[in-house]
Amino acid sequence: MYLEQLKTSILAILVLSVVTGLGYPLAMTGLSKVLFPVQAEGSLIMKDGKPLGSHLIGQPFDDPKYFWSRISATSPAAYNASNSSGSNLGPLNPALLAAVQGRIDTLKKADPNNRMPIPVDLVTSSASGLDPHITPAAALYQVGRVARLRGLSESEVKDLIRRYTESRFGGLLGEPTVHVLELNLALDARKP
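Residues numbered from 1 in each chain as written. Predicted model: local features only at pLDDT ≥ 70, side-chain atom pairs only at ≥ 80, totals over all residues. Heavy atoms only, no water.

### Considerations on the pairing of strand β1 (residues 44-47)
Put simply, the rule is: Two strands are counted as paired when DSSP detects at least two bridges linking them. Numbering of helices and strands runs from the N terminus; a helix is a DSSP stretch of H or I covering at least four residues, while a strand is a stretch of E covering at least two.
The pairing of β1 with strand β2 (residues 50-54) spans 4 bridges and is antiparallel. Each bridged residue has a counterpart across the sheet, and for L44 the counterpart in β2 is S54. Counted between consecutive antiparallel strands, the loop separating β1 from β2 contains 2 residues, among which D48 sits at a positive phi close to 55 degrees.

Right under this line is the structure:
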């Protein structure tokens, strides 16, 4: 009787391992590729058949002629999708205050004539450290620098921001956002 129970248990483990470890994941992957092909492949943004990034994960931009993203708190590299995390630094932590002041200094050095208040999302990271969006206010803060370095008028750059501003989900949830990579790609496509 004991041997029969052991055989049944081992058989159950093997069958359930195959079903839940192989069958179910393969079925869900196949189904997702049929129903949601773009999302199943990582929501990639392609140009000339090459992936440039993902619609879901931010990228660092530090060239002044581009719109800059939020700060990434992931390590060892910025926007490291395998290490999604915030900084977990409290509001009075000296390391957070130093990081914010460093970013403020960088923004002011890149555009010393800009007297607008710096939006908070340009000096802090998101909870995941991977956010590909900034607020419209953060994009508008950068208009003067980007327009000047690209040889475009501020109104042209503002029009691009309006075009790449995503509205609230369902018109109710969240806040409007601007996808930084898509906006920068649109800038590259619009050479003066």
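### Some details on empty space enclosed by the protein
To be explicit about the condition: Put plainly, a pocket is an open set of points on a 1 Å grid over the protein atoms alone with protein on both sides within 12 Å along at least five of seven lines, a cavity is a set where a 1.4 Å probe fits but cannot get out, and a lining residue has an atom within 4 Å of a point. Grid points are joined across faces, edges and corners, and a volume is the space filled by probe spheres set on the points. Gly is put with the polar residues, along with every residue not named as nonpolar or charged; the nonpolar set is Ala, Val, Leu, Ile, Met, Phe, Trp, Tyr, Cys and Pro, and the charged set is Asp, Glu, Lys and Arg.
Here the structure, examined in full by the defined rule, presents 1 cavity of 30 Å³ or more. The wall of the largest cavity is formed by I57, G58, Q59, F61, S69, P132, H179, V180 and L181. Taken together, the residues that form the lining of the largest cavity break down as 5 nonpolar, 4 polar and no charged.

### Quick notes on the layout of surface pockets
One number sums up the size of the largest pocket: a volume of about 160 Å³. Every residue along the wall of the largest pocket is listed here: P60, F61, D62, W68, S69, R70, I71, S72, A78, Y79, R103 and T106. Residues that form the lining of the largest pocket fall into these classes: 6 nonpolar, 3 polar and 3 charged.

### Some points on helix α7 (residues 180-189)
In plain terms, the rule: For every residue, the accessible area obtained with a 1.4 Å probe (protein chains only) is divided by the maximum for its type, and the residue is called buried under 20%, exposed over 50%, and partly exposed between those limits. Only heavy atoms matter for contacts: two residues are in contact if any of them lie within 4.5 Å across the pair.
Here α7 has its buried residues at V180, L181, L183, N184, A186 and L187. Lining the buried residues of α7 we find β1, β2, β3 (133-134), α5 (143-150), α6 (154-163) and β5 (177-179).

### Considering helix α3 (residues 94-110)
As a reminder of what qualifies: Given a helix with a known number of residues, its expected span is that number minus one, times 1.5 Å. The arc in question is traced by the directions running from the helix axis to the C-beta atoms.
Here α3 contains 17 residues, and its C-alpha end-to-end distance of 24 Å stays within 8% of the 24 Å for a straight helix at 1.5 Å per residue. Those residues of α3 that fall on the buried side of the exposure criterion are L96, V100, R103, L107 and A110. Within α3, the buried residues cover an arc of 95 degrees as seen down the axis, which keeps them to one side. Every exposed residue of α3 that faces more than 90 degrees away from the buried side is listed here: P94 and K109. Looking at the buried residues of α3, the elements they touch are α4 (136-141) and α5.

### Observations regarding a nonpolar patch on the surface
As a reminder, the rule being used: What makes a patch is a set of residues exposed beyond 30% relative accessible area and free of salt bridges, joined within 9 Å when like-charged and within 5 Å when nonpolar (Val, Leu, Ile, Met, Phe, Trp, Tyr). Here the open area of atoms and residues is found with the Shrake-Rupley method and a 1.4 Å probe, where only the protein chains shown may cover a residue. By salt bridge we mean one thing: a side-chain nitrogen of Lys or Arg within 4 Å of a carboxyl oxygen of Asp or Glu.
Nonpolar side chains collect at one region of the surface, where Y24, M28, L31, V34, L35 and F36 lie side by side and expose about 640 Å² of accessible area between them. Mapped onto the secondary structure, M28 falls in helix α1 (residues 2-35). A residue is classified by how much of its surface remains accessible, and M28, at 35% relative accessible area, is partly exposed.

### Some thoughts on the sheet that holds β3
This is how the line gets drawn: Axis lines are fitted to C-alpha atoms, over the contacting stretch for helices. Their N-to-C directions set the angle, which ranges from 0 to 180 degrees.
Sheet architecture is open: 3 strands sit in the order β3-β5-β4, paired in antiparallel fashion. Since the sheet does not close on itself, it has two edges, and those belong to β3 and β4 (165-166), each with one partner. Taken together, the 2 bridges between β4 and β5 define a ladder with antiparallel strand orientation. From the neighbouring strand, T165 faces β5, where its bridge partner is V178. Set on the sheet, α7 makes contact with β3, β4 and β5; between it and β5 the angle comes to about 55 degrees.

### Considering the packing of aromatic side chains
Keep this limit in mind: Planes of paired rings set the category: under 30 degrees apart is stacked, over 60 is edge-to-face and the rest tilted, where pairs are Phe, Tyr or Trp rings (Trp by its six-membered ring) whose centres lie within 6.5 Å. As a reminder, the over-ring test applies to NZ of lysine and CZ of arginine, requiring each to be within 6 Å of the ring centre and within 35 degrees of the ring normal.
In the structure shown here, the tally under the stated rule is 1 aromatic pair. Summarising the aromatic geometry, the rings of F61 and Y66 are spaced 5.7 Å apart at their centres and angled 40 degrees between planes, so their arrangement reads as tilted. Classification of Y66 as buried rests on a relative accessible area of 17%. When the ring centre of Y66 is taken as reference, the NZ or CZ atom of R150 above it lies at 4.7 Å.

### Some remarks on the nonpolar core
A general feature of soluble globular proteins is that nonpolar side chains tend to end up buried together. What counts here: Nonpolar cores were defined as sets of buried Ala, Val, Leu, Ile, Met, Phe, Trp, Tyr and Cys residues, with membership established by side-chain atoms within 4.5 Å.
Core analysis: the largest hydrophobic core is formed by 28 residues, its most contacted members being F67, V157 and I161. For this core, the element with the highest residue contribution is α7, accounting for 5 residues. In this view, F67 contacts F61, A139, Q142, V143, R145, V146, V157, I161, V180, L183, N184 and L187; residues no more than four positions away in its chain are not counted.

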